[in-house]
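Each chain, letter by letter, is given below.
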Amino acid sequence: MFIGIQTLPLIYIDNNTNHTLENISVTFDGDKGKIPSIKTIKPGERKQIALYNMNVKGITQLFLMHYNKKLKITERQYVFENFTKDFRGTILVEIEGIKHDGRFDITVVENYSLN
């Protein structure tokens, strides 16, 4: 088994709803690469996204993106404020529910550890 150093920021997404969620992604302003996305995440499931941040200039914010079926728009919800090219941490985004307006009810844990 290989144990190495984490080289990219990891974003864990927990689906704590009773719904299968689709096309969840995490992005930041100025992201010029292919935006990593999770096709589906079932109730009770956890998935992860690794972000390439070597081209980040300065400090930017991270956003969780999803299609809001109620408003029929792509929704961008704030997740993390101090994202830089040197950030190597982990963030847990727990999707607790879907609000009446279609937005996700989320909880964010910065510097999340699996231990």
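Note: the structure precedes this text.
Let me sum up the structure you'll find in this document. (Residues numbered from 1 in each chain as written. Predicted model: local features only at pLDDT ≥ 70, side-chain atom pairs only at ≥ 80, totals over all residues. Heavy atoms only, no water.)

1. Considerations on the pattern of salt bridges
Two side chains carrying opposite charge are able to pair once their charged atoms lie near each other. Considering all chains together, one arrives at three salt bridges under this definition. Between arginine 103 and glutamate 75 there is a salt bridge, with the nearest N and O atoms lying 2.7 Å from each other. Separated by 28 residues along the polypeptide, arginine 103 in the loop between strand S7 (90-98) and strand S8 (104-110) and glutamate 75 in strand S6 (residues 73-83) bring together distant segments of the chain. (Salt bridge = Lys/Arg side-chain N within 4 Å of Asp/Glu carboxyl O. Helix = DSSP H or I, 4+ residues; strand = E, 2+ residues; numbered from the N terminus.)

2. Observations concerning unusual backbone geometry
The phi dihedral of asparagine 23 falls on the positive side, at around 50°, and the residue is not glycine. You can see asparagine 23 is positioned in strand S2 (residues 21-28). If you check the backbone angles, lysine 72 has positive phi at about 55° while not being a glycine. Among the secondary structure elements, lysine 72 is positioned in the loop between strand S5 (60-68) and S6.

3. Focus on the environment of threonine 90
Following the sequence through the fold, threonine 90 ends up in strand S7. Given the relative accessible area of 9%, threonine 90 is considered buried. For the pair threonine 90 and aspartate 105, spaced 15 residues apart in sequence, the C-alpha to C-alpha distance is 20 Å. (Buried < 20%, exposed > 50% of the residue type's maximum accessible area, 1.4 Å probe, protein only.)

4. What to know about the side chain of serine 25
Its location among the elements puts serine 25 in strand S2. For serine 25, the residues in contact, after removing those within four places along its chain, are Ile35, Pro36, Ser37, Ile49, Phe63, Leu64 and Met65. (Contact = heavy atoms within 4.5 Å.)

5. Things to note about the sheet that holds strand S4 (residues 46-50)
The strand order across the open sheet built from four strands is S4-S1-S7-S8, with neighbouring strands paired in mixed fashion. Each end of this open sheet is capped by a strand with a single partner; those strands are S4 and S8. Each adjacent strand pair in this sheet contributes to an overall mean axis angle of 20°, direction not counted. Relative to S4, strand S1 (residues 10-15) runs antiparallel, the two sharing five bridges. In the sheet register, aspartate 14 faces S4, and the bridge partner there is arginine 46. (Pairing = 2+ DSSP bridges. Axes fitted to C-alpha atoms, helices over the stretch in contact; angles between N-to-C directions.)

6. Let's talk about the environment of asparagine 18
Following the sequence through the fold, asparagine 18 ends up in the loop between S1 and S2. The exposure class of asparagine 18 is exposed, given its relative accessible area of 74%.

7. Some remarks on the nonpolar core
Proteins that are soluble and globular tend to have nonpolar side chains buried together. Ile11, Ile13, Leu62 and Leu64 are the most contacted members of the largest nonpolar core, which has 22 residues in total. Discounting residues that sit within four places of it in the chain, isoleucine 13 has contacts with Ile24, Val26, Ile38, Ile41, Glu45, Arg46, Lys47, Leu64, Val93 and Ile95. (Core = buried A, V, L, I, M, F, W, Y, C linked by side-chain atoms within 4.5 Å.)

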